[in-house]
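For reference, the chains in residue letters:
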Amino acid sequence: MPEVDHEGVVEFTRELVRIPSVNRPEDGLSEQPAAEAVAARMRSFGWDPVLEEVAPGRPNVLCTVDGGLPGPTLMFEGHTDVVTEGDHGAWTHPPFGAELVDGRIYGRGSADMKGGLAAMVYAADALRRSGPFPGRVLLAALCDEEEMMLGAKHFVARGHHHGVDGVIVCEPEEGEVCAVSKGAIRIRVDATGVMAHGAMPDHGRNPVTALGRLSVRLEQLQADLQARTGVHPHLDRCWITPTVLRGGDLVQVNVIPATATLAVDIRTTPDADHPALRAEIDEVVAAVADDTGVRLAITVLDDRPPADTPVGAPVVRALADAHRDVTGAPAPFGGVPGTTDGTILWRDGGLDTVVYGPGGKWIAHQVDEFVEAAAVVEAAEVYVAAARRFLGAVPEGAAAAGA
């Protein structure tokens, strides 16, 4: 069976990292150039990718590689957007330089997830060059994973998930097979009080104070939630984390603002009941409003339940066996501490999803983000082996050739 093009997949990773695919339209930045680079590489392999615009300058890239024989469909998924690079001066290596130093590719998005994106494309190329195979591989490079997952939601809304039998999400998990991912609820609480002079607070109703009280009550709710749900073997605990507190548009220290806003990021394990938790939050917010006389309005920005694919699902088994075939070691199982596009594919598409990719799960979004070039190559080889097993090119229970 033809090997993965080691040099090609590393250089393609670096090419993608050099593209600043941050969603920052005020600076003229979006996923468009990265999506076009992915599509161009697919065309160089003789494939026919399709770009579907989800929002202005934000396309999904979809490409089917048909094996020529009857069989199931395996989807590999990645995203083209990256988070902000922040202060360039804080980086040891330029955030979009894609410098290769001591075997590491440095740059924003190198781990999350240009390395995984390149690996899945080159894995499909190696599979195609091996000759006819059962079924087909669907490659999906989607936009907006780092924010509202518009690309994954668009993918399902257009019905592209129909006929897909399993999904490997190529996010950085440091070689762990992750069939379970945390859920997320993101809320905004808008407080409306009464503006007053800072020297006469009794003439007003302070929305900042109300939101401070709410933060304390949410910390208490977090403790109760953790006591109920315990510690998950792969996902640790549930968290309720206030992340943004903004006091109106006023900047004068001696003025109590009329309005303030609190944002809260809630992360859950499969043992948490989202509707019940949201009802508890409503009760806490109502109680604080009653105590302070400040009107508090909740907006649920997003609600993504934990994704929990059974470890016995065919796509999980195929991936775990492929990891063993390629590395010679049993597959370590883990969990995704955040959420991925796989959450949407699992919830809205009803698809078995598993997350596995090159790069450390804790290095994403940090300064001097990097991915090991060897890890990108290894991930691509595991993807090839997983595809062959899942699609039926390798008999059940057999070891991969050369393992």
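Residues numbered from 1 in each chain as written. Predicted model: local features only at pLDDT ≥ 70, side-chain atom pairs only at ≥ 80, totals over all residues. Heavy atoms only, no water.

> Could you give an account of the packing of helix α7 (residues 314-327) against helix α9 (residues 373-391), naming the residues involved and the relevant values?
Look at α7 against α9: their axes get within 8 Å of each other, and the N-to-C directions meet at 130°. Judged on the interaxial angle alone, α9 and α7 are oblique. Viewed along their axes, α7 and α9 form a crossing whose handedness is right-handed. Across the interface between the two elements, P314, V315, A318, L319, D321, A322, H323, R324, D325, V326 and T327 of α7 pack against E378, E381, V382, A385, A386, R389 and F390 of α9. The residue inventory of the contact of α7 with α9, partitioned by class, reads 10 nonpolar, 2 polar and 6 charged. (Axes fitted to C-alpha atoms, helices over the stretch in contact; angles between N-to-C directions. Helix = DSSP H or I, 4+ residues; strand = E, 2+ residues; numbered from the N terminus. Parallel < 35°, antiparallel > 145°, perpendicular 65-115°, else oblique. Left-handed = near helix turned anticlockwise from the far one by under 90°. Contact = heavy atoms within 4.5 Å. Nonpolar A, V, L, I, M, F, W, Y, C, P; charged D, E, K, R; others polar.)

> Requested: an account of the sheet that holds strand β18 (residues 370-372), with residues and values cited.
Taken in spatial order, the 3 strands of this open sheet run β4-β5-β18, and their pairing is antiparallel. Since the sheet does not close on itself, it has two edges, and those belong to β4 (100-101) and β18, each with one partner. Looking at chain direction, strand β5 (residues 104-106) and β18 are connected through 3 bridges and run antiparallel. If you follow R104 over to β18, its bridge partner there is E372. Across the sheet, helix α3 (residues 110-129) is in contact with β5 and β18; its angle to β18 comes to roughly 40°. (Pairing = 2+ DSSP bridges.)

> Talk me through the layout of surface pockets; I want residue IDs and the actual numbers.
By volume, the largest pocket is sized at about 570 Å³. In terms of lining, the largest pocket is formed by 20 residues, of which the most central are E146, R267, G338, T339 and H365. Classifying every residue of the lining of the largest pocket by side-chain character gives 6 nonpolar, 4 polar and 10 charged. (1 Å grid on protein atoms, 1.4 Å probe; cavity = no way out; pocket = protein on both sides within 12 Å on 5 of 7 lines; lining within 4 Å. Points joined across faces, edges and corners; volume = space filled by probe spheres on them.)

> Tell me what's going on with the side chain of T340, and back it up with residues and numbers.
Structurally, T340 is set in the loop between β16 (333-336) and α8 (341-347). A polar contact is formed between the side chain of T340 and the backbone nitrogen of G342, at a distance of 2.9 Å. T340 has contacts with E145, M149, V169, E171 and V355, leaving out every residue within four places of it along the chain. (Polar contact = N/O pair within 3.5 Å; in protein donor to acceptor, adjacent residues only side chain to side chain.)

> Any chance you could break down the environment of H160 for me, citing the residues and the numbers?
Mapped onto the elements, H160 comes out in the loop between α4 (150-157) and β7 (166-169). Placed 20 residues apart in sequence, H160 and A140 show a C-alpha to C-alpha distance of 9.9 Å. For H160, the residues in contact, after removing those within four places along its chain, are E52, L62, L138 and F155.

> How would you summarise the environment of M149 if you had to cite specific residues and measurements?
Mapped onto the secondary structure, M149 falls in the loop between β6 (133-142) and α4. Between the C-alpha atom of M149 and that of G230, which follows or precedes it by 81 residues, the distance is 29 Å. Filtering out sequence-adjacent residues up to four positions away, M149 remains in contact with D144, R304, T339, T340, D341 and I344.

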